[in-house]
Amino acid sequence: GSPWLGSVKVGGVLAFAPTLGQDIWNNYNHHATLDQKFNFKQFAVDSAKNQTGNLASVAGGYLTIKIATLLTPGLVAGAPLVFIGLAGAVALGVVYNHFKLDQKVASHTKSLLDVGQ
């Protein structure tokens, strides 16, 4: 395989690109006039809400992997380490959503950008 497939760049693309695409799609109006086709403020709100959750999950996976390798140096590698990272990512994502932090980020972003509540 290619060495770049396991790189941080690919992980970042997999974590953030699908949501970015969805946010762009949701804020593009095909039927509007040229100057009103894209709702930039709502895009910023949607991206802040969605991408912070992705960032929390990525951070959870990264921290879990770092902790696992610090606690068991040289003993955990390969697929088990991937599953440990995935578990950490899912756990932090669940906590992030449980406490409705995405909604708090969206509300704060709306107030900063003066977007209708």
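Here, the structure is the one placed above.
Caption draft 1: Just the packing of aromatic side chains, in detail. Across all of its chains, the model carries 2 aromatic pairs by this definition. Where Phe38 meets Phe40, the ring centres are 4.7 Å apart and the plane angle is 65 degrees; that geometry is what we call edge-to-face. Judged by relative accessible area, Phe40 falls into the exposed class, the value being 61%. We classify Phe38 as partly exposed; its relative accessible area is 22%. An aromatic cluster is built from Phe38, Phe40 and Phe43, whose rings are joined through pairwise contacts.

Caption draft 2: Quick look at helix α2 (residues 40-71). For α2, built from 32 residues, the straight-helix expectation of 46 Å at 1.5 Å per residue is met to within 8% by its first-to-last C-alpha distance of 45 Å. Every buried residue of α2 is listed here: Phe43, Val45, Asp46, Ser47, Ala48, Gln51, Gly53, Asn54, Ala56, Gly60, Gly61 and Ala68.

Caption draft 3: The arrangement of the packing of α2 against helix α3 (residues 79-98) in detail. Packing of α2 against α3 brings their axes to within 7 Å, and their N-to-C directions diverge by 140 degrees. In terms of their interaxial angle, α2 and α3 are classed as oblique. Judged by the sense of rotation from one axis to the other, the crossing of α2 with α3 is right-handed. Each of Lys49, Thr52, Gly53, Ala56, Ser57, Ala59, Gly60, Gly61, Thr64, Ile65, Ala68 and Thr69 in α2 lies in contact with α3, whose residues at this interface are Leu81, Ile84, Gly85, Gly88, Ala89, Leu92, Gly93 and Tyr96. For the contact of α2 with α3, the class distribution of residues is 9 nonpolar, 10 polar and 1 charged.

Caption draft 4: Seen up close, the environment of Thr64. Along the polypeptide, Thr64 turns up in helix α2. Placed 33 residues apart in sequence, Thr64 and His31 show a C-alpha to C-alpha distance of 46 Å. Setting aside chain neighbours within four positions, we find Thr64 in contact with Ile84 and Gly88. Polar contacts involving the side chain of Thr64 include one to the main-chain carbonyl oxygen of Gly60, which spans 2.6 Å.

Cut-offs and rules
Residues numbered from 1 in each chain as written. Predicted model: local features only at pLDDT ≥ 70, side-chain atom pairs only at ≥ 80, totals over all residues. Heavy atoms only, no water. Phe/Tyr/Trp six-rings, centres within 6.5 Å; stacked < 30°, edge-to-face > 60°. Buried < 20%, exposed > 50% of the residue type's maximum accessible area, 1.4 Å probe, protein only. Helix = DSSP H or I, 4+ residues; strand = E, 2+ residues; numbered from the N terminus. Expected span 1.5 Å × (residues − 1). Axes fitted to C-alpha atoms, helices over the stretch in contact; angles between N-to-C directions. Parallel < 35°, antiparallel > 145°, perpendicular 65-115°, else oblique. Left-handed = near helix turned anticlockwise from the far one by under 90°. Contact = heavy atoms within 4.5 Å. Nonpolar A, V, L, I, M, F, W, Y, C, P; charged D, E, K, R; others polar. Polar contact = N/O pair within 3.5 Å; in protein donor to acceptor, adjacent residues only side chain to side chain.

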